[in-house]
Amino acid sequence: MATIGFIGLGNMGGPMVANLVKAGHIVKAFDLSPVQVGKAIDDGAQGAQSAQEAATDVDFLVSMLPAGKHVESLLVTGEGALFDVVSPNTLVIDSSTIDAATAKRVAEVGASKGISFVDAPVSGGVGGAVAGTLAFMVGGTAEQFAKAQPILACMGKNIFHAGESGAGQIAKACNNMLLAIHMTGTCEALNMGLKNGLDPAVLSEIMKQSSGNNWTLQVYNPVPGVMDGVPSANDYQGGFQVDLMFKDLGLAMELSQQSASPTPMGSQARALFNLHKAKGNGGLDFSSVMRLYQE
Ligand code: NAD
């Protein structure tokens, strides 16, 4: 049993805390929103009055925050920065989706103060966070990974060591860029079939059994009526928001620029999601990009 500080109790962090508690760990939970702290207490966590309290005397400190600026401010640059509070025995795990450059910078500052920090972003969405089936992509040393692994396994099913510091964030950006390309490409093909009189369920089945097969066709069909239990069957509510996909594609484009990696398909997918978001669809599931093709 470990004592774990957890900061950021939103859509993802809340259920992740519940799973750590279920696994028998003591969790000291903090969020800027007292309502979120209250929910964590209902799930069996101890409520902390401040981030500093959550980070003191813990074996692990996990953060699940919106973006890189929040993580860097909390740990390094902000008032009461936690790298001045945590003990050198604490492993700091950031599971937020942030840019790899910030993750590496934060890890370097940590190392200079004798503090161990890994980036460990997740895939699997809110459903995966609730079910405890997230995929974690960890950037750090083999030793750090070995230490983080059993804790991450309480919240996820597949725990990968992606490589050195920042590698988790790089893997996450690559994966989500590919997902956006798959989704927009699948919508494009399905819409062309529909326009030419094909039944989308029949076309989906054909492509699933042929060389166009991909994850979106297998488990996340974007056309309403083809699949049950997916956002397209529920007016594109729930699931993975267009806003978050757009954020992740921004991170992928930053990475492509920094590394001079050509990403014409990724940048096209980002333009499509940008247009879709600009039409007021940021809060819908990302498979709603199908509507952009159907307008
Ligand atoms: P969210 O907005 O629901 O939760 C973020 C929480 O952080 C909020 O409760 C907010 O009050 C809190 N917070 C912000 N700054 C804080 C601070 N300085 N101290 C304490 N609390 C602070 O976001 P989410 O959906 O839980 O996503 C969290 C991260 O996970 C993001 O980086 C996101 O990109 C990533 N992610 C989300 C999903 C998803 O489907 N929602 C999937 C994969 C990855």
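This text follows the structure it describes.
Summary of the structure given here. None of the values given here were measured: they were computed from a predicted structure. (Residues numbered from 1 in each chain as written. Predicted model: local features only at pLDDT ≥ 70, side-chain atom pairs only at ≥ 80, totals over all residues. Heavy atoms only, no water.)

### Here's the deal with the environment of Leu 244
Rules: Numbering of helices and strands runs from the N terminus, with a helix taken as a DSSP run of H or I at least four residues long and a strand as a DSSP run of E at least two residues long. The rule is simple: take the accessible area with a 1.4 Å probe, protein chains only, and divide by the maximum for that residue type; under 20% is buried, over 50% is exposed, in between is partly exposed.
Within the secondary structure layout, Leu 244 lies in helix 11 (residues 242-259). Leu 244 gets classed as partly exposed once you look at its relative accessible area, which sits at 38%. C-alpha separation for the pair Leu 244 and Phe 286, spaced 42 residues apart in sequence, amounts to 8.6 Å.

### So, the site of the ligand
Formally: Any residue with a heavy atom lying within 4 Å of a molecule or strand is counted as near it. Here a polar contact means two N or O atoms within 3.5 Å. Within protein one must be a hydrogen donor candidate and the other an acceptor candidate, and residues neighboring in sequence count only if both atoms are side-chain atoms. The accessible surface values rely on the Shrake-Rupley method and a 1.4 Å probe; as for residues, cover is taken only from the protein chains in view. Basically, the charged four are Asp, Glu, Lys and Arg, the nonpolar ten are Ala, Val, Leu, Ile, Met, Phe, Trp, Tyr, Cys and Pro, and anything else, Gly included, counts as polar.
Around the ligand sit 20 residues, and of these Asn 11, Met 12, Asp 31, Leu 65 and Lys 247 come closest. In this structure, Asp 31 approaches the ligand through a side-chain N or O atom, which is 2.6 Å from an oxygen atom. In this structure, Leu 65 approaches the ligand through a main-chain N or O atom, which is 2.8 Å from an oxygen atom. Calculation on the ligand without its partners gives an accessible area of 840 Å², and the protein chains cover 83% of this total. Elements represented by at least two residues in the shell around the ligand include exactly helix 6 (125-131) and helix 11. Considering only residue class, the shell around the ligand consists of 11 nonpolar, six polar and three charged.

### What about the packing of helix 8 (residues 167-195) against helix 12 (residues 264-281)?
Quick note on the threshold: In this analysis an axis means a line fitted to C-alpha atoms, helices contributing only their contacting stretch, and an angle means the value between N-to-C directions, from 0 to 180 degrees. Orientation categories follow fixed angle ranges, with anything under 35 degrees roughly parallel, anything over 145 roughly antiparallel, 65 to 115 roughly perpendicular, and all other angles oblique. Crossing handedness is read from the near helix: turned anticlockwise from the far helix by less than a right angle, it gives a left-handed crossing, and turned clockwise, a right-handed one. What makes two residues a contact is simply this: any of their non-hydrogen atoms within 4.5 Å.
Where helix 8 meets helix 12, the axes come as close as 9 Å, and the angle between the chain directions of the two elements is 65°. Between helix 8 and helix 12, the crossing angle belongs to the class labelled roughly perpendicular. Considering how the two elements wind past one another, helix 8 and helix 12 form a crossing that is left-handed. Contacts between helix 8 and helix 12 involve Met 177, Ala 180, Ile 181 and Thr 184 from the first element and Met 265, Gly 266, Ala 269, Leu 272 and Phe 273 from the second. Grouping the constituent residues of the contact of helix 8 with helix 12 by class yields seven nonpolar, two polar and no charged.

### Overview of the pairing of strand 1 (residues 3-7)
For the record, the criterion: The rule for pairing is simple: two strands pair if DSSP sees at least two bridges between them. A right-handed crossover is one whose linking path, passing over the helix from the first strand to the second, runs clockwise when the strands point away from the viewer.
Of all five residues in strand 1, five are buried, a share of seventy percent or more. What you see with strand 1 is no split at all: Thr 3, Gly 5 and Ile 7 on one side and Ile 4 and Phe 6 on the other are buried throughout. Where strand 1 and strand 2 (residues 26-30) come together, five bridges link them in parallel fashion. Counted as the bridge partner of Ile 7 is Phe 30 from strand 2. Once you follow strand 1 into helix 1 (residues 13-22) and on to strand 2, the crossover reads as right-handed. One ladder, built from four bridges, connects strand 1 with strand 4 (residues 60-63); its direction is parallel.

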